[in-house]
Amino acid sequence: MAVAPIEFPPPVDAAAEFIGPPTDAEDERIEVGVAIVGGGQAGMACAIRLLQLLEDDPELAESLGEVPVAVIEKGRVAGAHQLSGGVMNPTPLRQLFADDDSWPHFGEVGRETVYFMLNRKRALPLKPTPPPFRNHGNFVVSVAELNRWLGERAEEAGAYVLSETVGAKLLVEDGERSGDEASGRGRIVGVRTGDKGRDKDGGRKSNFEPGADVVARATVLAEGCWGHLTGAALKRLGLAAKDPQVWALGVKEVWEVEQPLDRVIHTLGWPLRPQSKFKEFGGSWIYPMNRAGETPRVSIGFVVGLDHADARLSVHDVLQEFKLHPLVRRILTGGKRVAWGAKAIPEGGYWAMPRLHAPGMVICGDGGGMVNVPKLKGIHYAIRSGMLAAETLYSSLKAGSTDFSSYERAVHQSEIGKDLYESRNMKQPFGRGLIVGGAITNAMVVTKGRLPGGHWPTHRDSDQPLLLTDRDKRYPKPDGKYTFDKLSSVFTTGNATRDDAPSHIRIQQRVPRELAEAWKWMCPAAVYEVPEDAPQGSEHVDLLVNPSNCVQCGAITAKGGRLTPPEGGDGPVYQVT
Amino acid sequence: MSAILVYALHYDGAFNKNSLGAVSEGSRLAEELGSECHAVVVGDKAGLPDELCASLGRYGARRVFRVEGPEGLAQPVVDAMARVIGEQGHGYALFGGGLLGFEIGAGLTARLDAGVCMEVTSVRVEDGKLVSERPILGDSSVSDVHYRAGVGVIIGRLNAFEVTESGDQDAVVEDVALEFEPHSLRAKMVSRGEQRGADVNIEDAKVLIAGGRGLGKAEGFQALEDLAGAFGGAVAATRAVVDAGWYSYSAQIGQTGKTVAPKLYLAAGISGAIQHKVGMQGSENIVAINKDANAPIFEFSDLGIVGDLNKIVPKLTEAVKARKGG
């Protein structure tokens, strides 16, 4: 019998554990106006837009207290956990900064080519460039860098950026007391930050610092792709969409190269396998990162949907395999890898978008599923949703209300709702294999989603039964110069997760070998190991877990486990990803 | 030219190894700058006889400023160094690392409004000035730190500076009389003990026998302890085995553990991932035993043995014992 990860759910009840009433005494709580969880593009855009509005309204600003806007960021600095392929539609950012175009980028996209990789030697350029891949007017950026810039702007505008701080628990006041419209599920009143200085067994070390209740008039969940609190809120507050959220995993490298790359490249096909039984949906990008006075760089990465079937599929190793193609070698040879990272991407699209508000709370960006999969875009939706959230919060708070439902309407009326509706069924057909799926999707693109229409449902990534093949035999043996193993890759992220801390990864132990191997191969950071002396065959396996390698990509949450945030400040320190 | 002042910590009639490393490094740099390296010692006069102080000359110090005061506490040393720098105009203050060095260096920086860089692994001379190199981002890159302020404070990472005997002259010992600041005398030394409760301080051991997951089980460490005992060294461990509960955290080497640089580092059943390598790559001689000939550790070991460590380690212990006995 084939095993699916969903049969071995993680030992966690998110709705109970990560949501609850405030526990600090009332005079010990930290009071802020608006608490934004997550200092990514969505969170920072929300903070900046809100402070722009408050600047012209000192009365409301004053009523929000000493700290009108606080951004709670788990990374060591703003941008430390940010990673993206890196092509951005600049429209919302330009609207946010009407008279400041100093945001960091690597220039506007010029030429672009899409290749279908036939095999390990040959590539076929697709001409004309398929419409979703056209990037005219878009810019190559590094979100790790862009976010540092956004963080500085937010602080200049008066935001309190609490870095190295985790939003560990969503604070809720019970339904009767709030008297709000959304039934008896309660009103969100802030977040509790994470404890620091616990030992492996959860005991208190000498430097133990408890978290604190941060109570707020409004709470913005802008947590990114694997939203810790967002996931819990969806369950507890009944916000989940018709379809479950699904994810892809992207692994990225940044290379310094001898010759500047002159175009944006996307590829489909090899090294992924086209047969529908493997469900390998994905592709690559190679983007130029050229800036005067700097060594030319390229961003290269590979993305594969996490509903793939083969337990031995490893996106990190697929990327290494992909780099062996002559097309890629021509670009990278003579260069040097300078960065690496990984991140999950919500790919459920329109049908998986949750309700984006609850009393006292809104959800922005990736956490709200705002990614356009066929166009490979999400950064500008994150910025747009943050701005729209700020505008709703501003007018609602001014009216003394914590009903933020108009934010949801605003999102669906913006380009976010419009684009995502058009592409609502575009990923699902690829479950039928690349050729058939590609044909159906092309029909959708041409008709702006009207044909074949309807609702193509999605299944959870963890529902997919697992296969064991010898996929891994194809991965190159890392040479440490051109192809790399997982551990040395993690090292380049500057990851320094404390290793005597409690594990932040919740998985079931004693699982079938297929599942143990699926986690091991899936994880780009070598967090899961199947012990050498583990039983073969049908006997169940205990995994070795190395939480301190974790770069918090979120893939485990998609594939049958549950990631929670580790201690604030732990994890990678991405610079140019 | 800017002279360099080093704090030398002593205990029980001997100088700390890191302090001697700092004096050696200070002397090397001073020579390149065309200046001199001096040392400050603070303590009970009886514990700081002339010969002991003068012996710092062997590591290149020309003058030693001896201050009578409480031993092993940070603030009195800050007072002493601030006074000596104020009178003698040193351009740099250098510390060998360790918690006391960090504390004194930080205090001195605040007192003098100086520039500071800590966790320094290497110092070089550039255009007649010192430049500190400090690994950043979990040791994945190195940043160069230049000093703009009048005095530059350099605090080394533990074991960053090698002890080298470069001179045969005694240093000139000068007593400095000093009124300590009132707040400097408020802390009292209650007792001095081993760092972090470890039985053996692996950072000071000349021979380290380190075990990894290749040992197979916690009991595998017994053979390593026997071998370390024969050598008169200490046992260290990788993160993986500390994680697995096979050995204590105080013995952990690597990115998130301790950094060591013994004369001999014997790695038993350690694959040698970069996270481990950064904690021990400064070792003088690296010997690796691993059954996997492709293990990365063989790429940076001086001697590699592909084989079963359960057979090799006991034989090695016997051989060392025989050699020492005979």
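These figures come from a predicted structure and were not determined experimentally.

**With respect to the overall build of chain A**
Helices and strands together make up the secondary structure of chain A, namely 16 helices and 24 strands. Relative to the globule expectation of 25 Å for 577 residues, the C-alpha radius of gyration of chain A, 23 Å, shows essentially globular dimensions. For chain A, buried positions account for 57% of its 577 residues. At a minimum sequence separation of 6, the contacts of chain A that also span at least 24 residues come to 79%.

**Some words on the overall build of chain B**
Assigned secondary structure in chain B consists of eight helices and 17 strands. Computed over the C-alpha atoms, the radius of gyration of chain B is 21 Å, within 12% of the 20 Å expected from 2.2 N^0.38 for a compact globule of 326 residues. Each of the three principal axes of chain B carries a C-alpha extent, and together these read 60 × 40 × 40 Å. Sequence separation of 24 or more characterises 68% of the internal contacts of chain B that already satisfy a separation of 6 or more.

**Focus on the packing of helix α2 (residues 41-55) of chain A against helix α10 (residues 379-398) of chain A**
Residue and element names in this part refer to chain A. The N-to-C vectors of α2 and α10 enclose an angle of 35°; their axes lie 7 Å apart at closest approach. Judged by the twist between their axes, the crossing of α2 over α10 is right-handed. Contacts from Q41, A42, G43, A45, C46, R49, L50 and L53 in α2 reach I379, A382, I383, S385, G386, M387, A389, A390, E391, L393 and Y394 in α10. A class-by-class count of the residues in the contact of α2 with α10 yields 13 nonpolar, four polar and two charged.

**Section: the pairing of strand β3 (residues 69-72) of chain A**
Residue and element names in this part refer to chain A. Residue alternation in β3 divides its side chains into two sets, V69 and V71 and A70 and I72, and both sets are buried. Relative to β3, strand β2 (residues 30-37) is paired through four bridges, and the arrangement is parallel. Residue pairing across strands places V37 opposite I72, the latter belonging to β3. Bridge count for β3 against strand β8 (residues 160-162) is three bridges, and the pairing is parallel. Within β8, the position partnered with I72 by the bridge is L162.

**Some details on the sheet that holds strand β1 (residues 4-7) of chain B**
Residue and element names in this part refer to chain B. Strand order in the open sheet formed by seven strands is β7-β11-β6-β1-β4-β5-β12, and the pairing between neighbours is parallel. Two strands in the sheet have a free side with no partner beyond their single neighbour: β7 (115-120) and β12 (172-176). Each neighbouring strand pair of the sheet contributes to a mean axis angle of 20°, computed without reference to strand direction. Across the face of the sheet, helix α1 (residues 17-33) comes into contact with β1, β4 (37-43), β6 (92-95) and β11 (152-156) while running at roughly 175° to β1. Across the sheet, helix α3 (residues 74-88) lies against β1, β4, β5 (63-68), β6 and β12, angled at about 145° from β4, the strand it touches most.

**With respect to the sheet that holds strand β17 (residues 303-306) of chain B**
Residues and elements named next belong to chain B. Strands sit in the order β14-β13-β15-β16-β17 across an open sheet of five strands; the sheet is parallel. The outermost strands of the open sheet, each flanked by one partner alone, are β14 (234-237) and β17. For this sheet the average axis-to-axis angle between neighbouring strands, irrespective of direction, equals 20°. Pairing of strand β13 (residues 207-211) with strand β15 (residues 264-268) involves five bridges; the strand directions are parallel. Counterpart to L208 in the pairing with β15 is Y265. Sheet strands touched by helix α5 (residues 221-231): β13, β14 and β15. Its angle to β13, the strand with the most contacts, is close to 175°.

**Observations regarding the domain arrangement of chain B**
Domain assignment breaks chain B into domain 1 (4-192) and domain 2 (196-325). Between the C-alpha centres of domain 1 of chain B and domain 2 of chain B there is a distance of 32 Å.

**Considerations on the nonpolar core**
Of all hydrophobic cores here, the largest spans 168 residues; its most connected members are A:I36, A:C46, A:A47, A:V220 and A:L249. Here this core takes 10 residues from α10(A), the largest share from any one element. Here A:I36 is in contact with A:G43, A:C46, A:A47, A:V69, A:A70, A:V71, A:I72, A:V220 and A:A222, once residues within four sequence places are set aside. Listed in part, the 53 residues of the second largest apolar core include B:L5, B:V67, B:V116 and B:V120.

**Focus: the interface of chain B and chain A**
When the parts come together, some accessible area is lost, and that loss is often what is quoted as the size of the interface. Counting from both sides, the interface comprises 11 residues of chain B and, opposite them, 13 residues of chain A. When residues of the side of chain B that touches chain A are traced back to their parent elements, those giving at least two are α6 (239-243) and α7 (274-280) of chain B. Class assignment of the residues belonging to the side of chain B that touches chain A gives a composition of four nonpolar, five polar and two charged.

**Some words on the domain arrangement of chain A**
All names here are of chain A. By domain assignment, chain A separates into domain 1 (27-94 + 145-194 + 208-241 + 353-413) and domain 2 (107-140 + 245-349 + 464-563). Computed from C-alpha coordinates alone, the two centres of domain 1 and domain 2 are separated by 29 Å. At the junction of the two partners, domain 1 supplies 16 residues and domain 2 supplies 27 residues. Among the residues forming the side of domain 1 that touches domain 2, the class breakdown is nine nonpolar, five polar and two charged.

Parameters and conventions
- Residues numbered from 1 in each chain as written.
- Chains lettered and ligands numbered in written order.
- Predicted model: local features only at pLDDT ≥ 70, side-chain atom pairs only at ≥ 80, totals over all residues.
- Helix = DSSP H or I, 4+ residues; strand = E, 2+ residues; numbered from the N terminus.
- Rg over C-alpha atoms; globule rule 2.2 N^0.38 Å.
- Buried ≥ 20, exposed ≤ 12 C-beta atoms within 10 Å, placed from the backbone.
- Contact = placed C-beta atoms within 7 Å.
- Axes fitted to C-alpha atoms, helices over the stretch in contact; angles between N-to-C directions.
- Left-handed = near helix turned anticlockwise from the far one by under 90°.
- Nonpolar A, V, L, I, M, F, W, Y, C, P; charged D, E, K, R; others polar.
- Pairing = 2+ DSSP bridges.
- Domains from an automatic or database assignment.
- Core = buried A, V, L, I, M, F, W, Y, C linked by C-beta atoms within 7 Å.

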